[in-house]
Structure formats: structure tokens, C-alpha cells
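# Reading the structure
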Amino acid sequence: MLSETTTARARGLADLPPVKSDSLLALIAMANADPRPDKIDVGVGVFRDASGRTPILKVMKQAERILLETQPSKSYLGSAGDKRFAELLRPIVLGEHAADERIAGTQTPGGCGALRLGFELIRTINPEARVLVGTPTWPNHAPIIRSVGLTMVEYPYYDRASRAVQFGQMLEALDNARAGDVVLLHGVCHNPTGADLDDQQWAEVTRVVSQRGLLPFVDIAYQGFGRGLDKDAAGLRGLLNACDEVIAAHSCDKNFSVYRDRVGSLFIKTGSAAATATAVAHVYQRAREMWSMPPDHGAAAVRIILDDPQLTADWHVELNAMRDRINSVRARIAAADPRLAYIGQQYGMFSMLPLSPEQVLALRERHAIYMADSGRFNVVGMADEAIDRFTEAVVEALNG
Ligand SMILES: Cc1ncc(COP(=O)(O)O)c(C=O)c1O
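In this text, all values refer to a predicted model and were calculated from it rather than measured experimentally.

Cut-offs and rules
- Residues numbered from 1 in each chain as written.
- Predicted model: local features only at pLDDT ≥ 70, side-chain atom pairs only at ≥ 80, totals over all residues.
- Heavy atoms only, no water.
- 1 Å grid on protein atoms, 1.4 Å probe; cavity = no way out; pocket = protein on both sides within 12 Å on 5 of 7 lines; lining within 4 Å.
- Points joined across faces, edges and corners; volume = space filled by probe spheres on them.
- Helix = DSSP H or I, 4+ residues; strand = E, 2+ residues; numbered from the N terminus.
- Near = heavy atom within 4 Å.
- Polar contact = N/O pair within 3.5 Å; in protein donor to acceptor, adjacent residues only side chain to side chain.
- Areas by Shrake-Rupley, 256 points an atom, 1.4 Å probe, with all protein chains shown as cover.
- Sits in = over half its atoms within 2 Å of the grid points.
- Nonpolar A, V, L, I, M, F, W, Y, C, P; charged D, E, K, R; others polar.
- Phe/Tyr/Trp six-rings, centres within 6.5 Å; stacked < 30°, edge-to-face > 60°.
- Buried < 20%, exposed > 50% of the residue type's maximum accessible area, 1.4 Å probe, protein only.
- Lys NZ or Arg CZ within 6 Å of the ring centre and 35° of its normal.
- Pairing = 2+ DSSP bridges.
- Right-handed = clockwise from strand over helix to strand, strands pointing away.
- Axes fitted to C-alpha atoms, helices over the stretch in contact; angles between N-to-C directions.
- Parallel < 35°, antiparallel > 145°, perpendicular 65-115°, else oblique.
- Left-handed = near helix turned anticlockwise from the far one by under 90°.
- Contact = heavy atoms within 4.5 Å.

Under the criterion given, the structure shown has two cavities of 30 Å³ or more. Its volume calculated, the largest cavity comes out at about 120 Å³. Along its surface, the largest cavity is lined by 16 residues, and Tyr-155, Tyr-157, Leu-185, His-186 and His-190 are the ones closest to its centre. Where the lining of the largest cavity is concerned, the elements lending two or more residues are β3 (130-135) and β7 (182-186).

Laid out in C-alpha cells, this is it:
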């Protein structure tokens, strides 16, 4: 009977509990509301140029113009998204493995979508799977893993005191992992620490992962921001050499500067082309359930760039300029004080300062410098003219 009376009130939308706000988003809002004209927001997670802006790449503007002029239809593409985009990305991401038929790549809504889809696939294989994650890590990893229903197991990755990868402890944790455990690895430009594995460490991790039968899941969101497109993918490619099964979540949102357009892809390698085809069929099914198909615009523009040698060359020039800025700001900060020298040896947009939450708060109050409580800051969050002001304030904080 539909109209059974009950004394209990049905729960409605108004019964939802408040949501704890994301601390980084709250920080950005606070920085935006600060009226001081010389404020420095290094909490934000996007590349900024020497004048402090996040411009649209010139080559992207050109590709968008071409897209506007030539796109014949906006009819559905299906869960795979733009297949030519995924094909053109293969040599960039996979290098010498580009022609390997055991590897499939498919478009996703950004790197986040690729992570979600990869973990969905893992849950389809084994809902009991454990995901080993180094600490600290990008704050969105844990919510994505947990929302899929997988168990997350942390291992120590970065030691704040020595400002280095705790490699011995990391390797020991991997050595003690169970066959079938998933190991999440940052492909390059570790977020939040900037501390990447060196070539020797990648080789060691690859050896342990393959010997112990672990499933490596590489999150590569900053290819080209570290040492160059190929060098930045070397860790992933080494794993592809050694392991039959590999998953990678890739993002073009940073290296093409199209953050809000959500351009990502998921790569899957299994032991055979047939098994990969089955895995991809599952991936499309999960995608269909979640977002049906990825947004087209950004990936179509990236496809136009990668399909044209001149536009690709133009992209390389702009990508190299972004990387050069990251590394030159790093060098300037590193030169300001011996206690900051390590920043010159790290990669990507983020590093952590050895500051307490109280010191971070003091920087905010006294100097209008906004960064996460952990001391994570965006190396290129500030304009060139603000770098000296930033380093002087940080050195003052370090001196206590
Ligand atoms: C480590 C890491 N992985 C994945 C992503 C997700 O990137 P996207 O914006 O493409 O979803 C980010 C973005 O900040 C990131 O830092």
C-alpha cells in the first residue's frame, strides 16, 4: 500500500549534514577576499606566467579557431570520446610502447576522471583490492579511492625534516605488499612535495613491483613540467617494460593549460590484446554509468594540435617556456637561503616549505602570502616581481 501512515518523518534534502569545506578552496576564497594589493596566492594549483596570469596558450587559441571553423557536428561521440585524440597521445605518453597492442588509451574528463575510472576498473576486478598510497599525496587521491569503495593503505613517501623521499621505507612497504595490491605512483612532479623518484629509484620500484606481482597505477598529471616530455614519462615507460599489467591516469589539463576543459586519458596494459579489449569494454561501461562520455571541446583542440606538425612544434615551444619558468623560479628561491636550496632540486609546480601551521598563518597575516597549512606552495603561483618579497618573508619566518 502506498499511503501507509507512519509517525517517522521521511528524510529530505534539508536533512543533509553540512560539508566540511575543502581547505584549499577555502584558502583561495580567503586570498580572493584579501584587499591588500600586493597579496601573493601560492595556494592555487595552476601555472602562472611571469606576470602572474594563467593565459590560454597561443597554440590552443589557434586550435580552437580551427575547431570553430571546421567542426562538422556536435553529435554524440560515445564513451570513448575522441579516438584520434587518444591515438595521437600514445607516442607522447607511451614513447617506445606506442605501438603495443596490449595497451589501450581512452579519453576521460581530466586526470580526475581517469583516476576514478581506473579505480572503478580495479573494483570491478576485485572489490577487496588494497591501494598503497605514499604520504603525503595529492589531497584528492584518498576521496577518489574511498568513494570507489577500495581500501587505502598509506606508506611513508616524503620526509619533511630531510626534505627527501624516504626511499628505504617506501621500498620496504612495497616489499611487504601482497600480490594483487595496487601501488599508486606519481609519474612526475610529485604533488605536493616536488620530490620525484630518480632514475635509480624508479628502477628499484619497478623491480619490486614486478617481482611481487603488484599492479602499478601511475598518476601522470604534469608531463613536460619536470625535465621534458620523454624524461617525465620514463618511470611509466620503465614499468611498461617490466610489467604485464599497468594502469596510468594522464592529464593534458596542465601541459596544454586547459584546466577547466577537462582533458585526460586512461591507459591500460594487460598481458594480451584480447584481455585489454575486455578491460576497455568494462571501462566504457563504467564511464557510461558515470558521465556517459567525456567533454569534447578540449580534447578536440588538443587533437588538432597533435595532428599538425607545426602546431605540435608551437606547443612544444610554449610547454618548454612553462617548464623554464618553473625551473627558473625554483632556482631563484633556492638561491635565497641555504635552507631553501632543496627547492632547486625538485620538480613541478609544488614544493613544501619547512614551516609550521603557525608560521604559515603569520605569513598570511603579516605579508598576505597564502599557502596551505602544510607549507605546500605553488612555485609559479607568484609573478616575477613578487619572488623577492616572497623569499624574504619566508626566510624571516624560518629565522623565527
Ligand atoms: C597529482 C594529480 N593528479 C591528478 C590531478 C587531476 O588533474 P585534472 O585537473 O586533469 O583532473 C591533479 C590536479 O591537480 C594532480 O595534482
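A separate point is the site of the ligand. Every residue near the ligand is listed here: Gly-110, Gly-111, Cys-112, Trp-138, Asn-191, Asp-219, Ala-221, Tyr-222, Ser-251, Asp-253, Lys-254 and Arg-262. Backbone polar atom of Cys-112 to an oxygen atom of the ligand: 2.8 Å apart, as the coordinates give it. In the environment of the ligand, an oxygen atom lies 2.6 Å from a nitrogen or oxygen atom belonging to the side chain of Arg-262. Expressed as a share of its isolated accessible area of 400 Å², the protein-covered part of the ligand is 91%. Here the ligand occupies the largest pocket. Ranked by residue count, the leading element in the shell around the ligand is helix α4 (residues 110-125), at three residues. Along the lines of polarity and charge, the residues of the shell around the ligand split into four nonpolar, four polar and four charged.

Scanning all chains against the criterion turns up six aromatic pairs. Ring geometry for Phe-256 and Trp-315: centres 4.1 Å apart, planes at 10 degrees, overall stacked. Residue Phe-256 is located in the loop between β9 (246-251) and β10 (263-269), and its partner Trp-315 is located in helix α12 (residues 309-336); the two are separated by 59 residues in the primary sequence. Assigned by exposure class, Phe-256 and Trp-315 land together as buried. If you follow Arg-376 out to its NZ or CZ, it ends over the ring of Phe-350, 3.9 Å from the centre.

The space that makes up the largest pocket amounts to roughly 1,200 Å³. Lining the largest pocket we find 44 residues, and of these Asp-22, Leu-24, Trp-138, Pro-139 and Arg-376 sit closest to its centre. Secondary structure elements with two or more residues in the lining of the largest pocket: α1 (23-33), α4, α5 (141-148) and β11 (350-352). With seven residues, α1 is the largest single contributor of residues to the lining of the largest pocket. The residue inventory of the lining of the largest pocket, partitioned by class, reads 23 nonpolar, twelve polar and nine charged. Forming the boundary of the second largest pocket are 24 residues, of which Ile-122, Ile-125, Leu-215, Glu-245 and Ile-247 lie nearest the centre. For the lining of the second largest pocket, the secondary-structure elements that each account for two or more residues are α4, β8 (215-220), β9, β10 and α10 (273-290).

Looking at the secondary structure, you find Ala-301 in helix α11 (residues 297-306). For Ala-301, a relative accessible area of 0% gives the class buried. Counting along the chain gives 38 residues from Ala-301 to Val-263, while the straight-line C-alpha distance between them is 9.8 Å.

Let us now look at the pairing of β8. Of all six residues making up β8, six are buried, and the element is well covered by its neighbours. Along β8, one buried face is formed by Leu-215, Phe-217 and Asp-219 and the opposite face, lined by Pro-216, Val-218 and Ile-220, is buried too. Alignment of β7 against β8, held across five bridges, turns out to be parallel. Considered in β8, the bridge of Val-182 is made with Leu-215. In terms of handedness, the path from β7 via helix α7 (residues 199-211) over to β8 forms a crossover that is right-handed.

Okay, the environment of Arg-260 next. Along the chain, Arg-260 turns up in the loop between β9 and β10. On the accessibility criterion, Arg-260 (78% relative accessible area) is exposed. Distance from Arg-260 to Gly-110, taken between C-alpha atoms, is 8.8 Å for residues 150 residues apart in sequence.

What follows concerns the packing of helix α13 (residues 357-367) against helix α14 (residues 387-399). Two elements in contact, α13 and α14, have axes separated by 10 Å at closest approach and are oriented at 135 degrees. Considering their axes alone, α13 and α14 lie oblique with respect to each other. The crossing of α13 and α14 is right-handed. Here Gln-359, Leu-363, Arg-366 and His-367 of α13 lie close against α14, whose contacting residues are Ala-393, Val-394, Glu-396 and Ala-397. Here the residues of the contact of α13 with α14 are counted per class, giving four nonpolar, two polar and two charged.

Strands sit in the order β2-β10-β9-β8-β7-β3-β4 across an open sheet of seven strands; the sheet is mixed. Edge strands, defined here as strands with exactly one partner in the open sheet, are β2 (103-109) and β4 (151-156). Within this sheet the neighbouring strands show an average axis-to-axis angle of 25 degrees, counted without direction. Both β3 and β7 contribute to a ladder of three bridges, which runs parallel. In the strand pairing of β7, Val-133 is matched with Leu-184. Taken strand by strand, helix α3 (residues 83-94) contacts β2, β9 and β10, and its axis lies near 70 degrees from that of β10. In the packing of helix α9 (residues 234-242) onto the sheet, the strands contacted are β2, β7, β8, β9 and β10, and the crossing angle to β9 comes to about 160 degrees.

For β2, a buried count of six out of seven residues is recorded, marking the element as mostly surrounded by other parts of the structure. In terms of strand pairing, β2 meets β10 through seven bridges, oriented antiparallel. Directly across from Thr-106, in β10, lies its bridge partner Leu-266.

Function cannot be read off these values alone, since they describe shape.
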